[in-house]
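Below are the chains, spelled out letter by letter.
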Amino acid sequence: MNKYTITPETQKIYVNFALVETGIYDISLILGEHIPQITDQQTAVPPTACAIIKMSTIFAKVLMHILTKHLRIYEQQVGSITIPKSILHDLGMEELI
């Protein structure tokens with residue numbers, strides 16, 4: 001039995017793009033979908049924001065731990081998730097390479 005309710009109004013959104021904005025009291029996750037494409041002017045089309053999720057900094061940290069726990073379990077069952085070095089570089093996370 002679920003510990004939550006899904007209604008017909010509940011939206012299911014696929015995202016493969018995220019930005020984080022941090023304020024003094026809260027954090028905003030701007031989630032969206034990036035579909036790589038080039039316009040006629042040879043310029044990249046920016047990602048489309050699908051949702052902005054605002055939360056307290058405390059909940060953001062709790063969410064980080066929840067995601068870490070679930071990804072750890074997933075990797076134990078399925079295998080390691082490898083992030084390409086180019087993505088880590090683009091995100092400014094060279095320390096993880």
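The model shown is predicted, which means the values in this text are computed figures rather than measured ones.

Draft legend 1. Main features of the pairing of strand 2 (residues 26–33). Burial analysis of strand 2 places 6 of its 8 residues in the buried class, which makes it a mostly covered element. Of the pairings in the sheet, the one linking strand 1 (residues 17–22) to strand 2 comprises 6 bridges and is antiparallel in character. Residue pairing for strand 2: Phe17 is matched across the bridge by Gly32. As consecutive antiparallel partners, strand 1 and strand 2 are separated by 3 residues. Pairing analysis gives 8 bridges linking strand 2 to strand 3 (residues 48–56), with the strands arranged antiparallel. Residue pairing across strands places Leu29 opposite Ile53, the latter belonging to strand 3.

Draft legend 2. Main features of the confidence of the model for the chain. On average, residues of the chain carry a pLDDT of 91, and 94% of them reach 70 or more. Mean pLDDT per element in the chain: helix 2 (residues 85–90) is the minimum at 89, and helix 1 (residues 57–78) is the maximum at 97.

Draft legend 3. Representation of a nonpolar patch on the surface in the model. Among the surface-exposed residues, Leu67, Leu71, Tyr74, Val78, Ile81, Ile83, Ile87, Leu91, Met93 and Leu96 lie close enough to one another that they form a single nonpolar patch of about 940 Å² accessible area. Here the element with the most residues in the nonpolar patch is helix 1; it accounts for 4 residues. Among the structural elements, Met93 can be located in the segment after helix 2.

Draft legend 4. Representation of the side chain of Ser28 within the structure. Assignment of secondary structure puts Ser28 in strand 2. Among the residues examined, Ser28 registers a relative accessible area of 5% and is labelled buried. A distance of 2.9 Å separates a polar atom in the side chain of Ser28 from a polar atom in the side chain of Lys54. The contacts of Ser28, once residues within four sequence positions are left out, are Leu19, Val20, Glu21, Ile52, Ile53 and Lys54.

Draft legend 5. Representation of helix 1 in the model. An ideal rise of 1.5 Å per residue puts 32 Å on 22 residues; helix 1 measures up with 31 Å between its terminal C-alpha atoms. Looking one or two residues beyond helix 1, the residue adopting positive phi is Gly79, at roughly 130 degrees.

Draft legend 6. Quick look at the sheet that holds strand 1. Across the sheet, 3 strands lie side by side as 1-2-3; this open sheet has antiparallel pairing. Where the open sheet ends on each side, the last strands, each with one partner, are strand 1 and strand 3. If you compare each strand with its neighbour and ignore which way they point, the axes differ by 20 degrees on average. Each of strand 2 and strand 3 is contacted by helix 1, which is oriented at about 110 degrees to strand 3, the strand it contacts most.

What counts, and where the lines are drawn
- Residues numbered from 1 in each chain as written.
- Predicted model: local features only at pLDDT ≥ 70, side-chain atom pairs only at ≥ 80, totals over all residues.
- Heavy atoms only, no water.
- Buried < 20%, exposed > 50% of the residue type's maximum accessible area, 1.4 Å probe, protein only.
- Helix = DSSP H or I, 4+ residues; strand = E, 2+ residues; numbered from the N terminus.
- Pairing = 2+ DSSP bridges.
- pLDDT = per-residue confidence, 0-100.
- Patch = residues over 30% accessible without salt bridge, like charges linked within 9 Å, V, L, I, M, F, W, Y side chains within 5 Å.
- Areas by Shrake-Rupley, 256 points an atom, 1.4 Å probe, with all protein chains shown as cover.
- Salt bridge = Lys/Arg side-chain N within 4 Å of Asp/Glu carboxyl O.
- Polar contact = N/O pair within 3.5 Å; in protein donor to acceptor, adjacent residues only side chain to side chain.
- Contact = heavy atoms within 4.5 Å.
- Expected span 1.5 Å × (residues − 1).
- Axes fitted to C-alpha atoms, helices over the stretch in contact; angles between N-to-C directions.

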